[in-house]
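Observations on the model geometry
Chain residues, written in single-letter form:
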Number of protein chains: 2
Amino acid sequence: MTAPVQHEGALPHQGAVPAHGEQRYWPEGFGVTPGGVLTVGGRPVTHWIREAGGTPLFLYDSALIARRIEQLRAALPDRVHLHYAIKANPMPDVVNFVAPLVDGLDIASAGELEIALASGMEPRHISFAGPAKRDSELLAAVLAGVVVNLESEGEMRRLARLAQEAGRPAFVAVRVNPDFELKGSGMRMGGGAKPFGVDAERVPAMLEELGALGLHFEGFHIFTGSQNLSAAALIEAQDKALALAAALARHAPRPPRFVNIGGGFGIPYAPADKPLDLEAVGVALSARLDRLEMEIVDSEIILELGRYIVGEAGVYLTQVIDRKVSHGEVFLLTDGGLHHQLAASGNFGQVIRRNYPVAVATRFASPGEETATVVGCLCTPLDRLAEKITVPKLEPGEVIGVFLAGAYGLTASPVRFLGHPEPAERLV
Amino acid sequence: MTAPVQHEGALPHQGAVPAHGEQRYWPEGFGVTPGGVLTVGGRPVTHWIREAGGTPLFLYDSALIARRIEQLRAALPDRVHLHYAIKANPMPDVVNFVAPLVDGLDIASAGELEIALASGMEPRHISFAGPAKRDSELLAAVLAGVVVNLESEGEMRRLARLAQEAGRPAFVAVRVNPDFELKGSGMRMGGGAKPFGVDAERVPAMLEELGALGLHFEGFHIFTGSQNLSAAALIEAQDKALALAAALARHAPRPPRFVNIGGGFGIPYAPADKPLDLEAVGVALSARLDRLEMEIVDSEIILELGRYIVGEAGVYLTQVIDRKVSHGEVFLLTDGGLHHQLAASGNFGQVIRRNYPVAVATRFASPGEETATVVGCLCTPLDRLAEKITVPKLEPGEVIGVFLAGAYGLTASPVRFLGHPEPAERLV
């Protein structure tokens, strides 16, 4: 881990803002050419599109990913181990870039295990969570020597049997379903009945059985929620997670090597969203770690982040194929759509559709001239990338940029829907 | 087209109903072995799972698809041309099976064009709709000789240029955005401002230009909505679509070879859903065609159906990997999930989550013993296949069947989410 550096206090709200953009959140770190073209990684999007052979195209800016990790290192206590949750963006180039900058990787399938191992990350710093791991996945994890986050007593017993049959040690953590939640999360992963982890009150008995089964106890995994913008809520959940881990550690066969207190750091998607006060989280966590319970005083404290590391570093570029007017409303029809950006279309678990930040990447510096709805190329009314935004008057060939496309984009979308070609992805 | 045969008046609500199932809609045509295992295509699901090498597995029953087409032929007037909209299920085996049983195929991309051509369907009976067709797609359509459903004036001009450059004729229909809607549809495709088709009032001018550009006018495409269970609404929309086509035909360079009045026939997903009264639609359409307007009296009248043909013929099979109890609630954790069945999880444009018909395929005849929530293998609370259903008490290895999986299943789901392996698909 790097030493804490001076925190520059200027995370978001400092990026290039399109001249035609409404007052809303824009991720920082992007630029504009004198000709008004959005730049990613210091080069105009038109360059990257030429290089990739066309649109649609996902661009992930490695410098922005690195900067976000630096910001985390600067804000968080030195002893915190930072993990990257591959599920947010499993593109191998991204994982290979992130792996040396973080302390571990979190995976959710045998497919992600392969990607994680290929990055060169040490197996003991790879942990495998997931509520219904198949025998084949458990065995692959044992053979690779990664840590399995046990989601139930049944999974523990299957793993013990498989490890014994393979004649190999099995390294395990217990994923705990805590009695508290991360308040105000995009998705709640704790509090009440859940398919994830083991209810806290059953963990002591499980720890006992775990030792008897010959499994190597490594630590706890307590994940309480995701996509949270409230520092206060995160601070409270982290405090409770540590206290819970300490209480449970009393029942463990040995002191936990690590305590993974989850992630949940959100990024702002909508104009009303205030960016997370990362510094406040870091300060509170630092104070909390100074008074860490005896039972976990020597444990690695792991924060597991996905979206927060890569989400703002990505832009999805799609070309206008047609501009049409229907009953007085302007539609910009693009070669992209919800098959690549389901969440941006508002159709992935969202109750209310809100536009992602969207702008005209090839005319970023042009003032707004009309109101248009940006849709994809699919024959469904669900396929809307931006509802009634202000844009310059556009002809086919101009490129629309959908921001916040670094996490849960391509792999979280129905890419085969209607048989369109796959978009390109580039880490730049 | 086959001659009308006696309609048996017993489309749905006659299938096998699981002993543990609640009172809800079950698609017909499935059976049960004496041992209580669900059968598809006359064989137990366990047979198909062995043959496919495991779960998750999509099974599509060819006999049920054929029977549904027979029911349509029996109910609909003889002169109606039946098209299959590939988007509902583009698995090549399914398309190859359906193609000889219908009169045409509808496609939405160059990818679907390839599948359609490979089925042996004559190009003039393949029509290509889609709001943002790329130049490469338009050119592929011209070279293949299929009909392009024009979605805008801009697309018309691009197509004319591409066809001229290629020295090939271009066969076109005009997709009309009508001023009316298909009332009560799952998705509305007409009425008001839409990205699809050309507003009706602009069609006459477009038809004039179309002739001048040397495009071969073939007909009209008027699609007003989808997934509709009301015969009355469908009858009204079909009547209006025909009237609109007749009125527009006066401005056409020649009489339309065809009038595609869309589809929109729904299938019941929830207990409260009443199956579509197909006979009523057929009787009304027959009467309507007897008084068809002069301008379209010789036109093929096309009905374009996707979900209605294949939706009920499919079952998605997923194995229980773990059974766990959290705070008194039972969770059955499976090797499937929303990455294969996004709509069944309630996360594809649905506002309210409703269970699809779900049952225990390996214990279909067993009475219910407990209430359980069936979830997938993904680390997200969105991944629920059935909320609090009544099932026998299950151990790992039992197989859950999710019905209505024949349409908008695999290709409408984020299959790469979390890096799990692809499910198998079999037409049986």
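It should be noted that the structure appears before, not after, this text.
Let me sum up the structure you'll find in this document. Given the structure is predicted, the values throughout are model-derived calculations rather than measurements.

1. Here's the deal with helix α2 (residues 62-75) of chain A
All names here are of chain A. With 14 residues, α2 should reach 20 Å at 1.5 Å per residue; the first-to-last C-alpha distance of 20 Å fits that figure. Counting buried residues along α2, eleven of its 14 residues qualify, which places the element largely inside the surrounding structure. Within the span of α2, buried status applies to S62, L64, I65, A66, R68, I69, Q71, L72, R73, A74 and A75. A side-chain oxygen of the first residue of α2 lies 2.9 Å from the backbone nitrogen of A63; this N-cap is D61.

2. Quick notes on the interface of chain A and chain B
The interface of chain A with chain B comprises 72 residues on the first partner and 72 residues on the second. For R416 of chain A, the salt bridge identified is with E422 of chain B, shortest N-O distance 2.4 Å. For the pair chain A and chain B, the number of links is 32 residue pairs in polar contact (both at pLDDT 80 or more). Here the side of chain A that touches chain B gets five residues from one element, more than from any other, and that element is strand β16 (residues 314-326) of chain A.

3. With respect to the state of the cysteines
Residues and elements named next belong to chain A. Within this structure, the stated rule accounts for zero disulfides over all chains. Free cysteine: C377, not disulfide-bonded; nearest cysteine sulfur from C379 at 9.0 Å. Judged by relative accessible area, C377 falls into the buried class, the value being 1%.

4. A closer look at the relation of the copies chain A and chain B
When chain A is fitted onto chain B, the two copies agree to an RMSD of 0.0 Å after a turn of 180° and an axial shift of 0.0 Å. Expressed as an axis order, the relation between the two copies is that of a two-fold axis. The position closest to the rotation axis in chain A is occupied by the C-alpha of P414 of chain A, lying 1.9 Å away. A share of 100% of the interface residues of chain A reappears at the interface of chain B, consistent with the copies meeting face to face through the same patch.

5. Quick notes on unusual backbone geometry
Peptide bonds are mostly trans, and most non-glycine residues show a negative phi. Residues T55 of chain A and P56 of chain A are joined by a peptide bond in cis, for which omega reads -5°. Relative to the elements of secondary structure, P56 of chain A occurs in the loop between α1 (45-52) and β4 (57-60). With a phi angle near 60°, L404 of chain A is a residue other than glycine that sits in the positive phi range. Judged by relative accessible area, L404 of chain A falls into the buried class, the value being 0%. For L418 of chain B, which is not glycine, the phi torsion reads 70° and is therefore positive. Among the structural elements, L418 of chain B can be located in the loop between β21 (399-403) and β22 (424-427). On the accessibility criterion, L418 of chain B (2% relative accessible area) is buried.

6. Observations regarding the nonpolar core
In this structure, Y84 and F220 of chain A together with Y84 and F220 of chain B are the most contacted members of the largest nonpolar core, which totals 297 residues. In contact with F220 of chain B, other than residues within four places in its own chain, are A173, V174, V176, V203, L207, A245, L248, A249, P256, F258, V259 and N260 of chain B.

7. Considerations on empty space enclosed by the protein
All names here are of chain B. Enumeration over the complete set of coordinates arrives at 15 cavities of 30 Å³ or more. In this structure, the second largest cavity encloses a volume near 100 Å³. At five residues, helix α2 (residues 62-75) tops the list of elements feeding residues into the lining of the second largest cavity. Broken down by class, the residue content of the lining of the second largest cavity amounts to five nonpolar, one polar and four charged.

8. Focus: the sheet that holds strand β1 (residues 31-32) of chain A
All names here are of chain A. Here we have three strands laid out as an open sheet, ordered β1-β2-β3, and antiparallel in their pairing. Two strands lie at the open edges of the sheet, namely β1 and β3 (43-44), each paired on one side alone. Pairing geometry for strand β2 (residues 38-40) and β3, over two bridges, is antiparallel. Bridged to T39 within β3 is P44.

9. Description of the environment of K133 of chain B
Its place among the elements puts K133 of chain B in the loop between β7 (126-128) and α5 (135-144). Since its relative accessible area comes to 1%, K133 of chain B is described here as buried. On a C-alpha basis, the gap between K133 of chain B and Q341 of chain B in space is 27 Å, while along the polypeptide they are 208 residues apart. Apart from the residues within four sequence positions on either side, K133 of chain B is in contact with I321 of chain A together with F128, L138, V148, N149, E151, E155 and R158 of chain B.

10. Focus on the pairing of strand β15 (residues 300-305) of chain B
All names here are of chain B. Of all six residues that make up β15, six are buried, and the element is covered over most of its length. Where burial is concerned, the two faces of β15 agree: the one with E300, I302 and E304 and the one with I301, L303 and L305 are both buried. Pairing between strand β5 (residues 80-85) and β15: five bridges, direction parallel. Along β15, the bridge assignment pairs H83 with E304. Where strand β14 (residues 258-260) and β15 come together, three bridges link them in parallel fashion. By the bridge assignment, F258 is partnered in β15 with E300.

11. Points about the sheet that holds strand β1 (residues 31-32) of chain B
In spatial order, the strands read β1-β2-β3 (chain B); together these three strands make up an open sheet with antiparallel pairing. In this open sheet, the two strands that pair with only one neighbour each are β1 and β3 (43-44) of chain B.

12. A short note on the environment of E422 of chain A
Its location among the elements puts E422 of chain A in the loop between β21 (399-403) and β22 (424-427). When its relative accessible area of 48% is taken as the criterion, E422 of chain A is described as partly exposed. With 82 residues separating them in the primary sequence, E422 of chain A and H340 of chain A have C-alpha atoms 8.3 Å apart. The contacts of E422 of chain A, once residues within four sequence positions are left out, are V415 of chain A together with R416 of chain B. Reaching out from E422 of chain A, the side chain makes a polar contact with the side chain of R416 of chain B at a distance of 2.3 Å.

13. Thoughts on the packing of aromatic side chains
Throughout the structure, instances matching the rule amount to 19 aromatic pairs over all chains. Judged by centre distance (4.7 Å) and plane angle (45°), the ring pair of F58 of chain B and Y316 of chain B falls under tilted. Here the residue F58 of chain B occupies a position in strand β4 (residues 57-60), and Y316 of chain B occupies one in strand β16 (residues 314-326), the gap between them amounting to 258 residues. Both residues of the pair, F58 of chain B and Y316 of chain B, belong to the buried class. Each residue in the set W26, F30, F364 and F403 of chain A is aromatic and connected to the rest through ring pairs, giving one cluster. We note R68 of chain A situated over the ring of Y308 of chain A; from NZ or CZ to the ring centre the distance is 4.1 Å. We note K133 of chain B situated over the ring of F128 of chain B; from NZ or CZ to the ring centre the distance is 5.6 Å.

What counts and how
Residues numbered from 1 in each chain as written. Chains lettered and ligands numbered in written order. Predicted model: local features only at pLDDT ≥ 70, side-chain atom pairs only at ≥ 80, totals over all residues. Heavy atoms only, no water. Helix = DSSP H or I, 4+ residues; strand = E, 2+ residues; numbered from the N terminus. Expected span 1.5 Å × (residues − 1). Buried < 20%, exposed > 50% of the residue type's maximum accessible area, 1.4 Å probe, protein only. Polar contact = N/O pair within 3.5 Å; in protein donor to acceptor, adjacent residues only side chain to side chain. Contact = heavy atoms within 4.5 Å. Salt bridge = Lys/Arg side-chain N within 4 Å of Asp/Glu carboxyl O. Disulfide = S-S within 2.5 Å. Least-squares fit on C-alpha atoms with pLDDT ≥ 70 in both. Core = buried A, V, L, I, M, F, W, Y, C linked by side-chain atoms within 4.5 Å. 1 Å grid on protein atoms, 1.4 Å probe; cavity = no way out; pocket = protein on both sides within 12 Å on 5 of 7 lines; lining within 4 Å. Points joined across faces, edges and corners; volume = space filled by probe spheres on them. Nonpolar A, V, L, I, M, F, W, Y, C, P; charged D, E, K, R; others polar. Pairing = 2+ DSSP bridges. Phe/Tyr/Trp six-rings, centres within 6.5 Å; stacked < 30°, edge-to-face > 60°. Lys NZ or Arg CZ within 6 Å of the ring centre and 35° of its normal.

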